[in-house]
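Understanding the architecture of this molecule
Read off the chains here:
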Amino acid sequence: MSAILTSSPYLDGHVQADHPLSPRTALASLDPLVKQILGYSPQSLWDIETARLPRRLQAYRHKARAYAQNQLAPVSLEVDALPHPAAGQLSPQLLALVQEAGRQGWLTDIVPGPFGSCGLLDALHPMALRTALKVEEFSRACGGLMLLLSAHLLGMAPILLSGQLPLMWRTLVPAARANLRGDPHLFAFAITEPGAGSDAEDGHGAASNQPGLRARRARDGWLLNGQKVFISGGDVAKQLTVFAALEGEGFESWTCFLVDRGTPGFDVIRTELKMGMRASSAAQLSFQDVWVSDACVVGGLRQGWALNRATLNLSRLPVASMGVGLAQAAVDVAVAHACTTRLGGKPLIDFQDVQLTLAQMMAETSTIRALVWQGARTWAPRQSVASMAKFHCTDTAMCVIEQAMDLLGEGAVLHRNRLDKIYRDARLTQIFEGTNQINRLSLIEDLQEDFLSKLSPGTQP
C-alpha cells in the first residue's frame with residue numbers, strides 16, 4: 001500500500017525486500033535444504049496464523065471472513081445508527097440478514113446434525129474453537145451483528161449440556177430446520193436479574209444473596225415469577241433457557257427451564273438503548289405465573305448452577321474472541337489510516353513512531369488470539385483458562401483500540417472511521433459474561449487448592 005503512495009519499493013527506515021541485507025534475501029542465499037526449511041515468502045499475519053490450524057478449520061475461517069466482509073461489514077455503520085426498535089421487533093434489514101444467515105447455516109453450524117448443520121468431520125474439532133473462529137471474524141466486521149447472530153448459541157448451550165436427548169430432539173431439531181429454511185428460530189440465555197448481575201457468575205456472591213426469579217410447584221409443572229434483565233436477544237427469541245430458584249431455596253436450587261415466548265404471563269418489559277452492539281437487543285423480561293411443564297425442565301431439578309457454570313466455561317472463550325476481533329478491526333483501521341494519510345508530504349506509515357505503534361498493536365492482537373486458540377483446543381475448557389482469556393483478551397482489546405484512536409487523532413471520533421463504534425462495542429465485552437473483575441476472581445477460585453497448598457504453617461484460614 002505504501003509503495004503506491006510513495007513510488008518507493010520500501011518504507012522509510014527499512015531496506016527493500018530484494019536488498020542483500022533484507023532478511024528474506026539473506027535467507028535465500030542459504031544452502032537449498034536449509035533454505036527450504038527457513039526461507040519464506042511475504043504473507044499477512046492472518047494467513048500465517050490460519051496456516052497453523054487444521055485444514056478444515058482453515059477453510060472454516062476463510063468462509064467466516066468472506067461472509068463477514070461481504071454481508072456484515074457493508075451494513076455495520078448503518079445498522080448501528082438505526083432508531084431504537086420496539087421490543088420484539090427486528091428492522092426489515094436485520095430480519096432479512098438473520099433469515100439469510102440461517103439459510104447459509106450460520107445459526108446452526110456449531111452443532112452436528114440432526115441438531116444442527118455442522119458436518120461430522122468438522123464436529124471432530126472442539127466446539128469452543130470453532131465458535132471462537134467464527135465470532136472473531138464476525139466481530140471484526142460488526143460487534144452488534146455478531147451478537148445478533150451468536151447470542152442464540154448461548155441459549156442453546158444448556159439444552160446441549162443437559163444430555164437429554166428427547167429434549168434436544170424436541171427443541172433443537174425443529175429449530176435447526178426452521179433456521180435453515182430462513183425462518184429464524186432463536187434461543188436466549190436468561191440468568192441476570194435486577195440488582196444481582198454478578199451473583200450468577202460468582203459462587204461466593206451467590207452463596208450470600210437470594211435469587212429473584214422463583215419457581216413454585218403447580219399442576220405437573222412449575223410457575224415462574226420474577227424478572228430477568230440485559231438478556232441478549234431475549235425479546236426476539238422463540239425459546240429461552242431461564243434459570244430460577246425453587247421456592248424457599250437459594251442459588252443452590254437453581255433450575256433451568258425452557259420457556260416459549262408465547263407462554264401466558266411472559267412479557268418483554270423493555271429493551272435497553274445500549275452504548276454498543278446496538279444491532280442486538282438487551283431485554284428486560286417479566287414472568288408472572290409462567291407455567292412450565294416438567295418436560296421442559298432442562299437437566300433436572302437443582303442442576304441449574306452446574307449448567308450455568310458449564311455454559312460460561314464454554315462461552316467465555318468466544319467472548320474473549322470478540323475482543324480479538326474488535327482489536328483486529330482497530331488494527332485494520334489504523335493500518336489503512338497510516339497508509340492513506342500524509343503528513344509533511346510523507347505517508348504516515350513512513351514515520352517510525354507510527355510503525356512502532358502498529359507493531360505493538362499487531363503483537364498484542366496476535367498474542368490474545370493465541371491465548372484464545374490455546375484455551376479452546378480442548379472439549380472441556382477449565383474455568384481458570386476461560387476466565388483468564390475473557391478478561392485479558394477484552395482488556396487488551398481496549399488498549400489496542402485506544403492506541404488506534406490516538407493514531408487517528410480527531411478522526412477517531414468520526415463515525416465513518418468506525419473506531420468510535422469499535423470502542424463502544426468492545427467496552428461491552430468487559431462487562432457481560434461476568435465482568436472482568438468477576439472473571440479475575442473466577443481464575444483465583446479455580447486455583448484455590450493450589451494456593452492453599454502453598455500457605456505457610458499458621459496462615460491457614
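We now turn to the structure provided with this report. Treat the numbers as computed from the prediction; the structure is a model and nothing was measured.

Quick word on the overall build of the protein chain
- If you tally the helices and strands in the protein chain, you get 17 helices and 10 strands.
- The C-alpha radius of gyration of the protein chain comes to 24 Å, within 12% of the 23 Å expected for a compact globule of 461 residues.
- Seen along its three principal axes, the alpha-carbon backbone of the protein chain occupies a region of about 85 × 65 × 45 Å.
- Going through the 461 residues of the protein chain one by one, you find that 52% of them count as buried.
- Sequence separation of at least 24 residues holds for 75% of the intrachain contacts in the protein chain that already meet a minimum separation of 6.
- Working note: accessible area of the protein chain is about 20600 Å², and carbon and sulfur atoms make up 58% of it.
- Side-chain charges in the protein chain split into 41 positive and 42 negative, and the spacing between the mean points of these groups amounts to 5 Å.

Brief notes about the layout of surface pockets
- Here the largest pocket is characterised by a volume of approximately 940 Å³.
- Around the largest pocket sit 44 residues that line it, and Leu147, Leu154, Ser232, Phe432 and Glu433 are the ones nearest its centre.
- For the lining of the largest pocket, the secondary structure elements donating two or more residues are helix H8 (127–141), helix H9 (143–162), strand E3 (221–232) and helix H12 (304–340).
- The element contributing the most residues to the lining of the largest pocket is H9, with eight residues.
- Residues belonging to the lining of the largest pocket are distributed by class as follows: 28 nonpolar, 11 polar and five charged.

Quick word on empty space enclosed by the protein
- A complete count under the given rule lists one cavity of 30 Å³ or more for this structure.
- By volume, the largest cavity amounts to about 50 Å³.
- Lining the largest cavity are Leu147, Leu148, Ala151, His152, Leu186, Phe187, Ser232, Gly233 and Val236.
- The dominant element in the lining of the largest cavity, judged by the number of residues it contributes, is H9, at four residues.
- Looking at side-chain class alone, the lining of the largest cavity contains six nonpolar, three polar and no charged residues.

Topic: the packing of aromatic side chains
- Counting across every chain of the model gives 12 aromatic pairs.
- Pairing tyrosine 67 with tryptophan 106 gives two aromatic rings, centres 5.2 Å apart and planes at 35 degrees, and the pair type is tilted. Placement of the pair is tyrosine 67 in helix H5 (residues 55–72) and tryptophan 106 in the loop between helix H7 (92–103) and H8, with a sequence separation of 39 residues.
- The exposure class of tyrosine 67 is buried, given its relative accessible area of 6%.
- Considering the side-chain rings of tryptophan 222 and phenylalanine 257, the 6.3 Å spacing of their centres and the 55 degrees angle between planes classify their relative orientation as tilted. With tryptophan 222 in strand E3 and phenylalanine 257 in strand E5 (residues 255–260), this residue pair connects regions lying 35 residues apart in the sequence.
- Look at phenylalanine 257 and you get buried, because its relative accessible area is 0%.
- Among the aromatic side chains, those forming a connected cluster through ring pairs are Phe189, Phe243, Phe251, Trp254 and Trp305.
- A cation over a ring is seen here: lysine 63 above tryptophan 106, with NZ or CZ 5.2 Å from the ring centre.
- Sitting over the ring of phenylalanine 351, lysine 346 keeps its end group 4.5 Å from the ring centre.

Points about the pairing of strand E2 (residues 214–218)
- The pairing of E2 with E3 spans five bridges and is antiparallel. Bridging across to E3, arginine 214 finds its partner in asparagine 225.
- Taking the residues that link successive antiparallel strands as the turn, the E2-E3 hairpin has two residues, and the phi of arginine 219 there is positive, at about 50 degrees.
- Here E2 runs beside strand E4 (residues 239–246); their pairing, made up of two bridges, is parallel.

Some remarks on helix H14 (residues 383–408)
- The end-to-end C-alpha distance of H14 is 37 Å, a good match for the 38 Å that 26 residues give at a rise of 1.5 Å each.
- Of all 26 residues making up H14, 19 are buried, and the element is well covered by its neighbours.
- Backbone geometry just after H14 places glycine 409 at a positive phi near 60 degrees.

Considering a nonpolar patch on the surface
- Taken together, Leu30, Leu33, Val34, Ile37 and Leu38 make up a surface patch of nonpolar side chains, about 470 Å² in accessible area.
- For leucine 38, the location among the structural elements is in helix H3 (residues 32–38).
- The partly exposed category is assigned to leucine 38, whose relative accessible area is 48%.

Structural notes on the packing of H14 against helix H16 (residues 436–446)
- Contact geometry of H14 with H16 gives a least axis separation of 8 Å together with a crossing angle of 150 degrees. Between H14 and H16, the crossing angle belongs to the class labelled roughly antiparallel. Crossing of H14 against H16: the hand is left-handed. Taking contact as the criterion, the partners of Gln383, Ser384, Ser387, Met388, Lys390, Phe391, Thr394 and Asp395 in H14 are, on H16, Asn436, Asn439, Arg440, Ser442, Leu443, Glu445 and Asp446.
- When grouped by side-chain class, the residues that make up the contact of H14 with H16 number three nonpolar, seven polar and five charged.

What counts as what
- Every chain's residues receive numbers from 1 upward, in the order its sequence appears when written.
- This being a predicted model, a pLDDT of at least 70 is required before a residue's local features are given, and a value of 80 or more before pairs of side-chain atoms are given or counted; all residues contribute to the totals for chains, interfaces and linings.
- Side-chain measures here rest on the full set of heavy atoms in the structure, leaving out hydrogens and waters.
- Secondary structure elements are taken from DSSP: a helix is a run of H or I of four residues or more, a strand is a run of E of two residues or more, and numbering for both begins at the N terminus.
- Computation of the radius of gyration draws on C-alpha atoms, with the globule rule given as 2.2 Å multiplied by the number of residues to the power 0.38.
- For the exposure calls, accessible area comes from a 1.4 Å probe over protein chains only, and a residue counts as buried if that area is under 20% of its type's maximum, exposed if over 50%, partly exposed in between.
- The contact rule is simple, with two residues in contact once any of their heavy atoms fall within 4.5 Å.
- The Shrake-Rupley method, run with a 1.4 Å probe, gives the accessible areas here. Residue values count only the displayed protein chains as cover.
- For the purpose of charge, His is not counted, nor are the chain termini; Lys and Arg are scored as positive and Asp and Glu as negative.
- Throughout, a charge is located at the NZ atom of Lys, the CZ atom of Arg, the CG atom of Asp or the CD atom of Glu.
- Computed over the protein atoms alone on a 1 Å grid, cavities are sets of points where a 1.4 Å probe fits but cannot get out and pockets are open sets with protein on both sides within 12 Å along at least five of seven lines; a residue lines them when it has an atom within 4 Å of a point.
- Grid points are joined across faces, edges and corners, and a volume is the space filled by probe spheres set on the points.
- Asp, Glu, Lys and Arg are counted as charged, while Ala, Val, Leu, Ile, Met, Phe, Trp, Tyr, Cys and Pro are counted as nonpolar; the rest, among them Gly, fall into the polar class.
- The rule is short: rings of Phe, Tyr and Trp, with Trp giving its six-membered ring, pair when the centres are within 6.5 Å, and they are stacked under 30 degrees, edge-to-face over 60, tilted in between.
- Working rule: Lys NZ or Arg CZ, within 6 Å of ring centre, within 35 degrees of ring normal, means a charge sits over the ring.
- For two strands to be treated as a pair, DSSP must find no fewer than two bridges joining them.
- To estimate the expected span of a helix, count its residues, drop one, and scale the result by 1.5 Å.
- Each patch groups residues whose relative accessible area exceeds 30% and which form no salt bridge, using 9 Å between like charges and 5 Å between nonpolar side chains of Val, Leu, Ile, Met, Phe, Trp and Tyr.
- Put simply, a salt bridge is a Lys or Arg side-chain nitrogen that is within 4 Å of an Asp or Glu carboxyl oxygen.
- As a rule, the C-alpha atoms of each element are fitted with a line to give its axis, helices using only the stretch in contact, and angles between N-to-C directions run from 0 to 180 degrees.
- We call two directions roughly parallel when the angle between them is under 35 degrees, roughly antiparallel when it is over 145, roughly perpendicular when it lies between 65 and 115, and oblique otherwise.
- In this scheme, a crossing is called left-handed if the near helix is turned counterclockwise away from the far one by less than a right angle; it is called right-handed if the turn is clockwise.

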